[in-house]
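Descriptive structure summary
What follows is the residue order along each chain.
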Amino acid sequence: MKSVCLYFQVHQPFRLRTYRFFDIGKHHHYFDDYANRFLMQQVAGKCYLPANKVLMDLIMKYGKDFKVSFSISGTALDQFEVFAPDVLESFRVLAETGNVEFLAETHAHSLAALKSRNEFNRQVTYHSNRIKSLFGQTPTTFRNTELVYSNDIGDAVYDMGYQTMITEGAKHVLGRESPNRMYCSASSPELKLLLKNFQLSDDIAFRFSNQNWSEWPLTPEKYVGWLKDQKQDDEVVNLFMDYETFGEHQWAETGIFDFLKGFPAMLLENTNIKFTTPSELANTLTPHLPVNIPDPISWADEERDLTAWLGNEMQKEAFTKVYSIENKLNKINDPGLYYIWQYLQTSDHFYYMCTKWFSDGAVHRYFNPYSSPYEAFINYMNVLSDFITKVDSHYDSFIC
Amino acid sequence: MKVLMFGWEFPPHISGGLGTASYGLSRALLKTGMEILFVVPKAYGDEEPGNIRLVNASQVAVNATDEAFKDHWDQISFLEVDSALMPYATEEDYIMISEQFRPGSQPEKPERNTHTYTFFGGYGKNLWEEVQRYALVASQIANQHDFDIIHAHDWLTYPAGIEAKRISGSPLVVHIHATEFDRSGAQVNQRIFDTEKNGMETADMVIAVSNRTRNTVINRYGIDPAKVVTIHNGVEAIGNGKPLRVKKHVKEKIVTFLGRVTYQKGPEYFIEAAYKVLQKDPDVRFVMAGSGDLLSKMIRRVAALGIATRFHFTGFLKNEEVEQLFGMSDVYVMPSVSEPFGISPLEAMRSNVPVIISRQSGVAEVINHAVKVDYWDIDALADAIHALIHYPSLQNTSVGFGKEEVNNIRWDDAGIKVREVYEQLVHKLLSNKTGR
């Protein structure tokens, strides 16, 4: 085992305010500014700022030996700018060290890849330009929302010029192969694929504070031991997780920050394993095997499929409806309307409508501002109905 | 194991959840091998009890001259119950009550030596007296029959249950389908409260139909949490498995409220929400099915809002009419202010009707695939109604999953849990007797 690739996902959606059907046509104020500001500032204080500080300290101490990657959604960047500029600044400082790679993703943290190649490309390009202007680097690695990947999506990403993409090391794709190798797309073989080691990633992201877990408490010693125990010919352990793991999903009291400090230090001081980034891996490793993924996979739940966002009829209706106005919006070409449309595409809205969480664990519940998927759907559809009406009336005056 | 069960209603003569629940539970208990002796104040002759042994209290002779009863008899008070105390009253009852009190017809004055007493049944003006007489009959029944356990449903039967326990020494289970707080809100009738509390205190175990009700029992009646257990109600599977679809003769969507038109059921919230929906979409019809003390007030409110051409009152509906109404409904709403359980949303779901239920209901504890709102949140209620009418996938998703869900809420499961309660109590009694 030669290296560890740490990638953290940073994302906050624009949550909707309670929008009743009798608001339709009356006003077009969709987003819950109070909740979005409150939550952003809360997560900034509990997670982003202290976690960035830990990473900065590690970089100061270990220099080039410690590296890390981020993918920050456009909706999170937009909210940093308005609600928490100090967080954006601390990411900039991290970027300046040269030890941090920023990945490209869809601006709106959307599932556009599944619906519209045109919109997908547009959002990725927008996001990439944004990263360039904020952090001074043009991303060469792409990560799709929720790590959703299929051959088709790989082709689209390759066509946009990316050399590497990251996705889930789903069991049903890998079979007995190890996720700790470089792979490539079966349909676009020049696109390299890095696959998440979900076992070791979830040990931190989901199990760290679970006292019923047989491995609790998870210490840096134990974890570094597991990393060393990976197979001899393994090249890289990809630890991909939400950045909010640190301080938000796993509270500071659980010792998660000590762990974030402790395990890289121990790894660097006691082993020959190095920290690396996706683009470095793309330049040094050759693909072990192509992977063929005709049906989209994701990083969610046991099934690693799309059912958390597009599983039930409500999710499908909402998803279909929101993309039904794409052509009109493109013709109108109104930046204000387009921006709102992007925010309505954010995958979280569909996640809130998931009916699986009644049986499938507390993870869904944790992220959900609604008490039921039915409530989430009703509210979203009210907003969308108003927005569609607005787009229609703009469109009508546009073609006249 | 033999169970002596005291109820107040038996199908088809039921006014609401109490009759449905005690019958559904009895049938489930039969399946677990229990024998049930089910006592009702009045049998009408058209009941179909199956293997349940139905005992008509009106035909049980009580020898009131017997010294054993004398003390008890002297303590019975005969008070008229004024109409506000008839929380369950249906239209059927109202008609009977009003006939009973036509000028010149005096309520029967109790005679101590009466051998049998024909109960009025239902919830008449001398309900209080009937509750006491029922207890008297209960002691007679307890003397005449062998049984291992006594089970009493709601406060009307608690004095009977207590009496049977006194005579036989068998353990008593009281079953809380509703408390006085649910029925009357802040206007609690002290006498009923005392009867409930006494029943709960005397009981060896209290069964509540929801956690919500269990909390009321513990917090408002001060009952030891250790002896209060929640056992949720079930719902009968539909006979032929296929819900009735009835052809509508109006093109509009139909939104239905079904239940007693009383404080507890929150009918006014339904009307206010209907008004909000109709402001935006006049192509909807609202139906309020049921009767109760707030009915005329509700009719006046609908008229005042000017929505009477879109809002319809049916009065009390019989079973098959209820099925028909479900068959025509596009949305079912239960906006109860305080609902210990609430079986009717389950019946609606079983009929493929999507439901909106108040969070202040016990059934909300067992149902995921319904839209839930706070009863007072008229905006949310109106919004949910509008959404179920206008967003087809909402209806399809909630009906699809809801059907599956409701099929898993079975009386059989409740029966097994109640049986476990019985077994514990009987076991405890045996160990006490043998000194272990």
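These numbers come from a predicted model, not from an experiment. (Residues numbered from 1 in each chain as written. Chains lettered and ligands numbered in written order. Predicted model: local features only at pLDDT ≥ 70, side-chain atom pairs only at ≥ 80, totals over all residues. Heavy atoms only, no water.)

1. Here we look at the packing of helix α1 (residues 17–31) of chain B against helix α15 (residues 411–433) of chain B
Residues and elements named next belong to chain B. This is how the line gets drawn: Whenever a helix is involved, its axis is fitted only over the stretch in contact; in every case the axis is a line through C-alpha atoms, and angles between N-to-C directions fall within 0 to 180 degrees. Each helix is a run of DSSP H or I of at least 4 residues and each strand a run of E of at least 2, with the numbering of both proceeding from the N terminus. In these notes the angle categories are as follows: under 35 degrees is roughly parallel, over 145 is roughly antiparallel, 65 to 115 is roughly perpendicular, and the rest is oblique. The contact rule is simple, with two residues in contact once any of their heavy atoms fall within 4.5 Å. Residues are grouped as follows: Ala, Val, Leu, Ile, Met, Phe, Trp, Tyr, Cys and Pro are nonpolar; Asp, Glu, Lys and Arg are charged; all remaining types, including Gly, are polar.
The interhelical angle for the contact between α1 and α15, taken along N-to-C directions, is 75°, at an axis separation of 8 Å. By the angle between their axes, α1 is roughly perpendicular relative to α15. Within the contact between the two elements, α1 uses T20, A21, G24, L25, A28, L29 and K31 and α15 uses W411, D412, A414, G415, V418, R419 and Y422. Broken down by class, the residue content of the contact of α1 with α15 amounts to 8 nonpolar, 3 polar and 3 charged.

2. Let's talk about the packing of aromatic side chains
What counts, and what does not: Between rings of Phe, Tyr and Trp, where Trp is taken as its six-membered ring, a pair exists when centres lie within 6.5 Å; planes separated by under 30 degrees are stacked, by over 60 edge-to-face, and by other angles tilted. A simple rule labels every residue: compare its accessible area, found with a 1.4 Å probe on the protein chains alone, to the largest value its type can have, and call it buried under 20%, exposed over 50%, or partly exposed in between.
Under the defined criterion, the tally for this structure stands at 57 aromatic pairs over all chains. Aromatic pair Y223 of chain A and W226 of chain A: ring centres 6.1 Å apart, planes at 65°, arrangement edge-to-face. Here the residue Y223 of chain A and the residue W226 of chain A both occupy positions in helix α8 (residues 220–228), the gap between them amounting to 3 residues, near one helical turn. The exposure classification of Y223 of chain A matches that of W226 of chain A, with both residues buried. On the numbers, 6.0 Å between centres and 85° between planes, the contact of F119 of chain B with Y134 of chain B is edge-to-face. Residue F119 of chain B is located in the loop between α3 (91–100) and α4 (127–144), and its partner Y134 of chain B is located in helix α4; the two are separated by 15 residues in the primary sequence. Across the pair, exposure class does not vary: F119 of chain B and Y134 of chain B are buried alike. Members of the aromatic cluster, connected to one another through ring pairs, are F8, Y48, F70, F80, F91, F102, F135, Y243 and F246 of chain A.

3. Some details on the domain arrangement of chain B
All names here are of chain B. What counts here: Delimitation of the domains relies on an automatic or database domain assignment. Summed over both partners, the accessible area (1.4 Å probe) lost when two parts come together is defined as the buried area. Think of a salt bridge as a Lys or Arg side-chain nitrogen and an Asp or Glu carboxyl oxygen that are within 4 Å of each other. In protein, a polar contact means a hydrogen-donor-capable atom and an acceptor-capable atom, both N or O and within 3.5 Å, with residues adjacent in sequence counting only if both atoms are side-chain atoms; elsewhere, any N or O pair within 3.5 Å suffices.
Each assigned domain of chain B is listed with its residue range as follows: domain 1 (2–234 + 411–434) and domain 2 (253–406). Contact with domain 1, which involves 27 residues of that partner, is made by 21 residues of domain 2. Overall, the association of domain 1 and domain 2 removes approximately 1800 Å² of surface from exposure, summing both partners, and the carbon and sulfur fraction of that is 55%. Connecting domain 1 to domain 2 are 0 salt bridges. Scanning the region where domain 1 abuts domain 2 turns up 7 residue pairs in polar contact (both at pLDDT 80 or more). When contributions to the side of domain 1 that touches domain 2 are tallied by element, the ones reaching two or more residues are α1, α3, α6 (180–184) and α8 (211–221). When its residues are assigned to classes, the side of domain 1 that touches domain 2 shows 9 nonpolar, 13 polar and 5 charged.

4. Observations regarding α8 of chain A
Residue and element names in this part refer to chain A. How we decide: Arc definition: directions from the helix axis to the C-beta atoms.
Listing the buried residues of α8 in full gives P220, Y223, V224, W226 and L227. All buried residues of α8 project into a common sector of 155° when viewed along the axis, lining one side. Check the buried side of α8 and you find it contacts β1 (3–10), α7 (198–205), β8 (236–242) and α9 (256–270).

5. Focus on the interface of chain A and chain B
Listed as interface residues are 19 residues of chain A and, on the opposing side, 25 residues of chain B. Both faces combined, the contact of chain A with chain B buries some 1900 Å², and carbon together with sulfur accounts for 61% of it. R20 of chain A is the partner of D377 of chain B in a salt bridge, and the nearest nitrogen-oxygen pair spans 3.8 Å. In this structure, the connection of chain A to chain B is made through 13 residue pairs in polar contact (both at pLDDT 80 or more). Of all elements in the fold, only α12 (313–323) and α17 (373–399) of chain A reach the threshold of two or more residues within the side of chain A that touches chain B. The element best represented in the side of chain A that touches chain B is α17 of chain A, accounting for 7 residues. Across the side of chain A that touches chain B, the residue classes break down as 10 nonpolar, 5 polar and 4 charged.

6. Here we look at the pattern of salt bridges
Between side chains of opposite charge, a pair can form when the charged atoms approach closely. Residue and element names in this part refer to chain B. Counted according to the given criterion, the structure contains 41 salt bridges over all chains. Between R285 and E252 there is a salt bridge, and its shortest N-O distance comes to 3.0 Å. Highlighted residues: R285 in strand β9 (residues 284–289) and E252 in the loop between β7 (228–230) and β8 (253–258), separated in sequence by 33 residues. Using a relative accessible area of 5% as the deciding quantity, one classes E252 as buried.

7. Describing the nonpolar core
Worth spelling out the cut-off: What makes a nonpolar core is a set of buried Ala, Val, Leu, Ile, Met, Phe, Trp, Tyr and Cys residues whose side-chain atoms join them at distances within 4.5 Å.
Grouped together as the largest cluster of nonpolar side chains are 100 residues, with contacts concentrated most on L344, Y380 and F387 of chain A together with F286, I356 and I385 of chain B. With 12 residues, α17 of chain A is the largest single contributor of residues to this core. Residues within four places of F387 of chain A in sequence aside, it is in contact with Y30, I325, L329, L337, I340, W341 and L344 of chain A. One finds A84, F208, L218 and L227 of chain A within the second-largest nonpolar core, a separate group that totals 61 residues.

8. As for the environment of T140 of chain A
Residue and element names in this part refer to chain A. Secondary-structure assignment places T140 in the loop between α4 (117–135) and β4 (141–143). Take T140: its relative accessible area is 30%, and that puts it in the partly exposed class. Along the backbone, T140 and Q163 are 23 residues apart, and their C-alpha atoms lie at a distance of 6.1 Å. Every residue in contact with T140, bar those within four places of it in the chain, is listed here: E101, Y162, Q163, T164 and S279.

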